[in-house]
Amino acid sequence: VEIKRLSPEELSLLLDEIMEDQNIVLAPHFRHFVAEQSNGNPATAVELAKSLSEAENSALVLDPATVVEHAIQARFDRLADTHRALLKTAAVIGNVFPLGCLRSMVPRCISRRGSDTLDMVLADLVRTEWLSRIFDHSDDQLYAFQNESIRDVCYNLNTSRSLKMQHLLAAQYFEKTYDE
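Residues numbered from 1 in each chain as written. Predicted model: local features only at pLDDT ≥ 70, side-chain atom pairs only at ≥ 80, totals over all residues. Heavy atoms only, no water.

## Quick word on unusual backbone geometry
- Its identity as a non-glycine residue notwithstanding, glutamate 129 has a phi of 65°, on the positive side.
- The topology assignment puts glutamate 129 in the loop between α8 (117-127) and β2 (131-134).
- Since its relative accessible area comes to 13%, glutamate 129 is described here as buried. (Helix = DSSP H or I, 4+ residues; strand = E, 2+ residues; numbered from the N terminus. Buried < 20%, exposed > 50% of the residue type's maximum accessible area, 1.4 Å probe, protein only.)

## So, the packing of aromatic side chains
- Summed over the entire model, instances satisfying the criterion amount to five aromatic pairs.
- Here phenylalanine 97 and tyrosine 143 contribute two aromatic rings whose centre-to-centre distance is 6.1 Å and whose plane-to-plane angle is 20°, an arrangement assigned as stacked. On the criterion of sequence distance, the pair formed by phenylalanine 97 in strand β1 (residues 96-98) and tyrosine 143 in strand β3 (residues 142-145) is long-range, its members being 46 residues apart. You'll find phenylalanine 97 and tyrosine 143 in the same group, each marked buried.
- Counting every residue linked through ring pairs, the aromatic cluster contains Phe97, Tyr143 and Phe145. (Phe/Tyr/Trp six-rings, centres within 6.5 Å; stacked < 30°, edge-to-face > 60°.)

## A look at the pattern of salt bridges
- Within this structure, the stated rule accounts for five salt bridges.
- For aspartate 119, the salt bridge is made with arginine 103, and the minimal N-O distance between the two is 2.9 Å. Separated by 16 residues along the polypeptide, aspartate 119 in helix α8 and arginine 103 in helix α6 (residues 99-105) bring together distant segments of the chain.
- Residue arginine 127 pairs with aspartate 124 through a salt bridge whose shortest N-O separation is 3.5 Å. Within this pair, arginine 127 and its partner aspartate 124 are both found in helix α8, separated by three residues, close to a single helical turn. (Salt bridge = Lys/Arg side-chain N within 4 Å of Asp/Glu carboxyl O.)

## As for the packing of helix α5 (residues 81-93) against helix α9 (residues 148-156)
- In the contact formed by α5 and α9, the axes pass within 8 Å of each other and the chain directions differ by 105°. Our classification of the angle between α5 and α9 gives roughly perpendicular. Residue-level inspection shows Leu87, Lys88, Ala91 and Val92 of α5 in contact with α9, the latter providing Arg151, Cys154 and Tyr155.
- Residues belonging to the contact of α5 with α9 are distributed by class as follows: five nonpolar, no polar and two charged. (Axes fitted to C-alpha atoms, helices over the stretch in contact; angles between N-to-C directions. Parallel < 35°, antiparallel > 145°, perpendicular 65-115°, else oblique. Contact = heavy atoms within 4.5 Å. Nonpolar A, V, L, I, M, F, W, Y, C, P; charged D, E, K, R; others polar.)

## Examining the nonpolar core
- In terms of nonpolar packing, the biggest core is built from 40 residues, with Leu87, Trp130 and Phe145 touching the most fellow members.
- Residues in contact with leucine 87, not counting those within four places in the same chain, are Phe76, Leu79, Leu125, Trp130, Leu131, Phe145 and Cys154. (Core = buried A, V, L, I, M, F, W, Y, C linked by side-chain atoms within 4.5 Å.)

## Description of the layout of surface pockets
- Considered as a void within the structure, the largest pocket measures approximately 260 Å³ in volume.
- Taken together, 17 residues line the largest pocket, and the ones lying closest to its centre are Gln37, Thr44, Arg75, Asn147 and Ile150.
- At the level of secondary structure, the elements contributing two or more residues to the lining of the largest pocket comprise α2 (28-38), α3 (42-57), α4 (64-77) and α9.
- Here the lining of the largest pocket is composed, by residue class, of five nonpolar, eight polar and four charged.
- Estimates place the volume of the second largest pocket at around 230 Å³. (1 Å grid on protein atoms, 1.4 Å probe; cavity = no way out; pocket = protein on both sides within 12 Å on 5 of 7 lines; lining within 4 Å. Points joined across faces, edges and corners; volume = space filled by probe spheres on them.)

Following this line, the structure appears as C-alpha cells:
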C-alpha cells in the first residue's frame, strides 16, 4: 500500500479528525510544526502529533528537534531487526549512498537469509518512506534517506566499535571503486 503525500490542507483536516478521535490535544503552534516536519506523510504527522501531545501533557518542555528525534526512534524501534541493521549500516555511508557500497557492507543478519533479502528489505524501507530510490543513469543505483533527521538517528544508534568497522569498510569500497 502506497501512502499518498497530503497537501497542507488535507493534512490539517486529517489531523483534526484523528486528534478528535484519539483525544489528542495539541497546541496551535505545534500543529504548524507537525505539518512542516511530516512532509505530507500522514503516518509521520500522526506520530509527531502524538509525541508532542504526550510531551505537553506530561509538562515536558522539548525542543522540536528532540521531539522529531524521539518520534523517529520510536518508529525505528518497531522495525524488524533486518531493517534496523540495514538503516544503521546505510547511515554510515551517508545521506545518499550507492547500492554497491551497501552490498559490500551488508549486515550479517541480512546476508545469512539469502541473496534476495537485501532487495526485499530495501523495497520495504522505500515503501515505508525511510529511504527513497534515486533514479539516475550511473552504473550503481543510488538510495537516499527521506530526510537528514532519519539518517542522523540511525547513525547515532551505532556503537563506536561498529562505526569504526563500517567506516573502514565504506572507505575500502570507495577506494577500490573510484581509485583512478
